[in-house]
Amino acid sequence: MSIHSPYKLATLFAVFGMLIGIAAFMFNYYLIPVTLPGYEILLAPAMLALSFFSEETYFTPKMIILLSGQFVGYFIVAFTFLAIKK
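Residues numbered from 1 in each chain as written. Predicted model: local features only at pLDDT ≥ 70, side-chain atom pairs only at ≥ 80, totals over all residues. Heavy atoms only, no water.

S.K.: Go over the confidence of the model for the protein chain, please, and point to the residues and values.
M.R.: Any region with low pLDDT has predicted coordinates that should not be read closely. On average, residues of the protein chain score 87 in pLDDT, and 92% of them are at 70 or above. The least confident element of the protein chain, judged by mean pLDDT, is helix α2 (residues 39–42) at 84; the most confident is helix α4 (residues 59–85) at 93. (pLDDT = per-residue confidence, 0-100. Helix = DSSP H or I, 4+ residues; strand = E, 2+ residues; numbered from the N terminus.)

Following this line, the structure appears as structure tokens:
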């Protein structure tokens, strides 16, 4: 497996997506009480994953679901793009 394997690149992209998600969440939650422009687009995979759960879910499981949804969503998009490109 080379360093430019589609799995490795997609995983790096997914980790970057998780970092974007946590940064956007922290910006929205702690810094400014207004919605960040593009928040819905940046966190679309996380919002999809969270849509299956109730608002009464505790904060920690919600964050785990948010980050997992971000990782899986960005991984699928990146891997699909890399597979089509090849």
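Having seen the model, we can carry on.
S.K.: Requested: an account of α4, with residues and values cited.
M.R.: Helix length check: α4 (27 residues) gives 39 Å between terminal C-alpha atoms against 39 Å at 1.5 Å per residue, within 8%. Here α4 has its buried residues at Met-63, Ile-65, Leu-66, Gly-69, Gln-70, Gly-73, Tyr-74, Ala-78 and Leu-82. Looking at the buried residues of α4, the elements they touch are α1 (6–31), α2 and α3 (44–50). (Expected span 1.5 Å × (residues − 1). Buried < 20%, exposed > 50% of the residue type's maximum accessible area, 1.4 Å probe, protein only. Contact = heavy atoms within 4.5 Å.)

S.K.: Tell me about the side chain of Gln-70, and please be specific about residues and values.
M.R.: Among the secondary structure elements, Gln-70 is positioned in helix α4. Given the relative accessible area of 0%, Gln-70 is considered buried.

S.K.: Summarise the nonpolar core; cite the residues concerned and give the values.
M.R.: One finds Ala-24, Phe-25, Tyr-39, Leu-43, Ala-46, Ala-49, Leu-50, Met-63, Ile-65 and Leu-66 forming the largest nonpolar core, which totals 10 residues. Mapped onto this core, the elements with two or more residues apiece are α1, α3 and α4. Those residues in contact with Ala-49 that sit more than four places away from it in its chain are Ile-65 and Gly-69. (Core = buried A, V, L, I, M, F, W, Y, C linked by side-chain atoms within 4.5 Å.)

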